Amino acid sequence: MAQAKQDMGSGSVKKLMLQLMIPAVVAQVVNLLYNIVDRIYIGHIEGIGAAALTGVGLFTPILMLLNAFAMLVGAGGAPRTAIALGQGDRQQAEKIISNSFTVLMLFAVVLTIGFYAGAPALLRLFGASDATLPYALSYSRLYILGSVFVLLVLGMNPFITTQGFAKTSMLTTVIGAVINIILDPILIFGFGLGVQGAAIATVIGQLIGAAAALWFNRVKNPVIHVRLKGYRFLWQDVADIYRVGLPTIVMQAIGSVMTFAVNGILLGVSSTAVAFFGIYYKLQNFLMMPVNGLGQAAIPVVGFNYGSGQSDRVQQAWKVLLPTGVVFALCGTAVFMLFPAQLLGLFSASDEMLAFGVPALRIISVTFLFAVITILCGYFASGLGNGVVNMIGAALRQLVVLVPCLWLLIRTMGIEKAWFAFWVSEVVACAYSLWATKKELRNKGK
């Protein structure tokens, strides 16, 4: 399982970030494929496919919350670990990773009990009907019982990447997803377990991925280990983890609130607009995969070299990060500009959707450059130990500026021009993120 360690403190920064980025993107793509395949199998369950698919979809907000708590620990602890390793303080790095593991286990206990008991009420709140609740409940309660494995995979993998083992981190994710894809048809159709089979397949896949991640961090890792013997829980380490990682949960909440608010605004105008926005969001998420992979690659490089006092390598990472992101953004803009009808056609868009969505996609695609800069600035600042820049940038581009601008433009200029709200929100967020990150770089990158 263990690969050769990638040295964060020497060699070409550009090559290092590429080596870290590719496994992160592969893991995201495999996870996306697993989610698509999982839903396809559920949708083909004879007689109940549509209701089962709807019911399982209603579990998404709970799943997002589980992911957010795992990401809080990973996004908060991994940069602190990278900084400690850069300072040559392996003892402190092991304290951070051990405290992070403890926090994940505490989250697992609390969230499992809370969500298992509260699942019926929560699913009703999210829109479950008498027809869909049984499927939603069957899937969600089995998934929740195995949520400890989800937390371990998502929470511990960033520590593997931080230490220079990006391929190992990728494998722990890919193994779980592939096993899930294999088990889905066997359990759903072969054993006739329906949605419960889908949940069991997911839990088994996550269990194996979690076992691989924990085994590496506890036993195989040649750099640092999760140490349980002689371990002391340190509140200061936990506070440092929260300080960097808490914005991650806030950002998850921002995305959910933004989707809810935008759908509410658009629903009063056109159901087609709501459907288009959902499609656009899926397309944008696909576009952002390499961007997020690049950002995830930057965090350990920036954190380690900041901790080791190699400001020149921190500066090099900054000079590699943004130009590479700009290339991704411009490629995305070109695709959206040239092939909007084909992109919408992937989702069986109607003539009405095409007439509405083609110009809207072209308007929004102009903002990809600003969005990518905002996102990458947030990752870079997180690598320096500041997660607030990421949070504020996300709030500006997704909620604080976008929602009121969209509401105002719809009422003053109509739905066709309302998409220019993205121009306003992305430019404002980009300006803030560049200013805040450069300030952070001046303060810490010297």
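Criteria and cut-off values
- Residues numbered from 1 in each chain as written.
- Predicted model: local features only at pLDDT ≥ 70, side-chain atom pairs only at ≥ 80, totals over all residues.
- Heavy atoms only, no water.
- Helix = DSSP H or I, 4+ residues; strand = E, 2+ residues; numbered from the N terminus.
- Rg over C-alpha atoms; globule rule 2.2 N^0.38 Å.
- Buried < 20%, exposed > 50% of the residue type's maximum accessible area, 1.4 Å probe, protein only.
- Contact = heavy atoms within 4.5 Å.
- Areas by Shrake-Rupley, 256 points an atom, 1.4 Å probe, with all protein chains shown as cover.
- Lys, Arg positive; Asp, Glu negative; His and termini not counted.
- Charge placed at Lys NZ, Arg CZ, Asp CG, Glu CD.
- Axes fitted to C-alpha atoms, helices over the stretch in contact; angles between N-to-C directions.
- Parallel < 35°, antiparallel > 145°, perpendicular 65-115°, else oblique.
- Left-handed = near helix turned anticlockwise from the far one by under 90°.
- Nonpolar A, V, L, I, M, F, W, Y, C, P; charged D, E, K, R; others polar.
- Phe/Tyr/Trp six-rings, centres within 6.5 Å; stacked < 30°, edge-to-face > 60°.

Caption draft 1: Here's a closer look at the overall build of the chain. Counting its secondary structure elements, the chain contains 18 helices and zero strands. Taking 22 Å as the expected radius of gyration for a compact globule of 446 residues, we find that the chain reaches 22 Å, a close match to that expectation. The dimensions of the chain, computed from C-alpha atoms along their principal axes, are 60 × 50 × 35 Å. Within the span of the chain, comprising 446 residues, buried residues form 53% of the whole. For the chain, long-range pairs separated by at least 24 residues make up 81% of all intrachain contacts whose partners lie at least 6 apart in sequence. Element-wise, carbon and sulfur atoms account for 69% of the exposed surface of the chain, whose accessible area totals about 18,600 Å². On the chain, the mean spot of the 28 positive side-chain charges and the mean spot of the 15 negative ones are 11 Å from each other.

Caption draft 2: Just the environment of Leu-384, in detail. Inspection of the secondary structure assignment puts Leu-384 in the loop between helix H14 (368-383) and helix H15 (388-400). On the accessibility criterion, Leu-384 (1% relative accessible area) is buried. On a C-alpha basis, the gap between Leu-384 and Pro-300 in space is 9.4 Å, while along the polypeptide they are 84 residues apart. Look past the residues within four positions of Leu-384 in its chain and what remains in contact with it is Ile-83, Val-302, Tyr-306, Val-314, Glu-440, Leu-441 and Lys-444.

Caption draft 3: Layout of the packing of helix H3 (residues 60-86) against helix H10 (residues 271-307). At a closest axis distance of 6 Å, the pairing of H3 and H10 adopts a crossing angle of 40 degrees. When the interaxial angle is binned, H3 and H10 end up oblique. The chirality of how H3 crosses H10 is right-handed. Across the interface between the two elements, Pro-79, Ala-82, Ile-83, Leu-85 and Gly-86 of H3 pack against Ile-299, Pro-300, Gly-303, Phe-304, Tyr-306 and Gly-307 of H10. Taken together, the residues of the contact of H3 with H10 break down into eight nonpolar, three polar and no charged.

Caption draft 4: Molecular detail of the packing of aromatic side chains. Enumeration according to the criterion identifies 16 aromatic pairs in this entry. Ring centres of Tyr-41 and Phe-189 lie 6.2 Å apart, and the angle between their planes is 70 degrees; this geometry places the pair in the edge-to-face category. Placement of the pair is Tyr-41 in helix H1 (residues 13-43) and Phe-189 in helix H7 (residues 166-190), with a sequence separation of 148 residues. The partly exposed category is assigned to Tyr-41, whose relative accessible area is 24%.

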